[in-house]
Amino acid sequence: MNQGSALLTAPSAIRHDRPLTVGPIASALGDAAPLASEPAQTSDGKLVFTDELAAEISRESARLETASPEEILRWTVERFAPKFTMATAFGPEGMVLIHMLAEIAPQTPIFNLDTGYQFKETLELREEVKRRYGIAVEMKRPATTIEQYEQQHGGPVYRTNPDQCCFDRKIKVLNEAVVGMHAWASAIRRDQSPDRAKAPIVGWDKKFGLVKVSPLANWTKQQVWGLITKHNIPYNALHDQGYTSIGCWPCTRAVMFGEDERAGRWSGKTKTECGLHTKD
Ligand code: SF4
């Protein structure tokens, strides 16, 4: 069912070696003020959150509120590539963004936080993405295997302290994965949860020191699945077994009819997010 066969058209020739200025896509959206040629950064390449950058983020986020996800991605690539990256857990929204990036900027580095606890169906999608789009999603792993990690902590940390487990197996790894980057794309939608309802299209991610772009913030679940169906975009086989949101296997269950789409994540616990998309 997820074996897409249609090949995409040749990727558009977005170059990463030119000055960072507003391109025709951004200009076509209207009201874009000229951007600084290069955002301020530290000597080791970290983005500095200046007043100018704050103003730019605020202005562009408002301007892109009515833009399509493709337009948002094009603006992001023009503004930040090659220091633009994307993290994916191979969820339906992430697969939609990968599908779009395959056409807009296939050279965008995309990575997965491979905690060691992912479902085999999730890992299989990496191979499907490679086959379908020619994109090799990089697997970023913690320093320890799950066996070493559990041995160090006297058993599975996801049972006793899932926040710590997410921090060690995801947050720390993401921090290392984005060294040298200035912007990252997230696949969150505002209607997924109250936590995500206020996500801007473009925002400052204080936790990771990056500009965070959420091209699908305004999309609905129906729009995501509509595009998946229309283009036969690959998706996780577990979605056909009642799993609406998929993370690590110890912290994910299928949902029942009428339940919230994220109800199967950390079910029975107060935890609702791994921390990648929360402010603190
Ligand atoms: S989702 Fe569960 S298993 Fe995965 S890192 Fe977080 S607590 Fe650990």
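Structure: see above.
Residues numbered from 1 in each chain as written. Predicted model: local features only at pLDDT ≥ 70, side-chain atom pairs only at ≥ 80, totals over all residues. Heavy atoms only, no water.

Caption draft 1: The arrangement of the packing of helix 3 (residues 69–80) against helix 4 (residues 92–104) in detail. The interhelical angle for the contact between helix 3 and helix 4, taken along N-to-C directions, is 55 degrees, at an axis separation of 10 Å. It follows from the interaxial angle that helix 3 and helix 4 lie oblique. In this structure, helix 3 meets helix 4 at a crossing whose hand is right-handed. Here helix 3 contributes Pro69, Glu70, Leu73, Arg74 and Val77 to the contact with helix 4, which in turn contributes Leu97, Met100, Leu101 and Ile104. Looking at the contact of helix 3 with helix 4, its residues break down into seven nonpolar, no polar and two charged. (Axes fitted to C-alpha atoms, helices over the stretch in contact; angles between N-to-C directions. Helix = DSSP H or I, 4+ residues; strand = E, 2+ residues; numbered from the N terminus. Parallel < 35°, antiparallel > 145°, perpendicular 65-115°, else oblique. Left-handed = near helix turned anticlockwise from the far one by under 90°. Contact = heavy atoms within 4.5 Å. Nonpolar A, V, L, I, M, F, W, Y, C, P; charged D, E, K, R; others polar.)

Caption draft 2: Structural context of the pairing of strand 1 (residues 84–87). Alternating residues of strand 1 divide into Phe84 and Met86 and Thr85 and Ala87, and every residue in both groups is buried. The pairing of strand 1 with strand 4 (residues 183–185) spans three bridges and is classified as parallel. Each bridged residue has a counterpart across the sheet, and for Thr85 the counterpart in strand 4 is Trp184. Taken together, the two bridges between strand 1 and strand 2 (residues 110–113) define a ladder with parallel strand orientation. Bridge pairing in strand 2 links Met86 to Ile110. (Buried < 20%, exposed > 50% of the residue type's maximum accessible area, 1.4 Å probe, protein only. Pairing = 2+ DSSP bridges.)

Caption draft 3: Structural view of the packing of aromatic side chains. Across all of its chains, the model carries eight aromatic pairs by this definition. When the ring of Phe49 is compared with that of Trp204, the centres are 4.6 Å apart and the planes differ by 10 degrees; the resulting orientation is stacked. On the criterion of sequence distance, the pair formed by Phe49 in the loop between helix 1 (24–28) and helix 2 (51–63) and Trp204 in strand 5 (residues 202–205) is long-range, its members being 155 residues apart. Relative accessible area serves as the criterion here: at 41%, Phe49 is assigned to the partly exposed category. Ring geometry for Trp225 versus Tyr235: centroids 5.1 Å apart, planes at 80 degrees, classification edge-to-face. Of this pair, Trp225 sits in helix 9 (residues 221–231) while Tyr235 sits in the segment after helix 9, placing them ten residues apart in sequence. By relative accessible area, Tyr235 is classed as buried at 7%. Of the aromatic side chains, those joined through ring pairs into one cluster are Tyr117, Tyr158 and Trp249. Lying over the aromatic face of Phe80, Arg79 brings its terminal NZ or CZ to 5.6 Å of the ring centre. (Phe/Tyr/Trp six-rings, centres within 6.5 Å; stacked < 30°, edge-to-face > 60°. Lys NZ or Arg CZ within 6 Å of the ring centre and 35° of its normal.)

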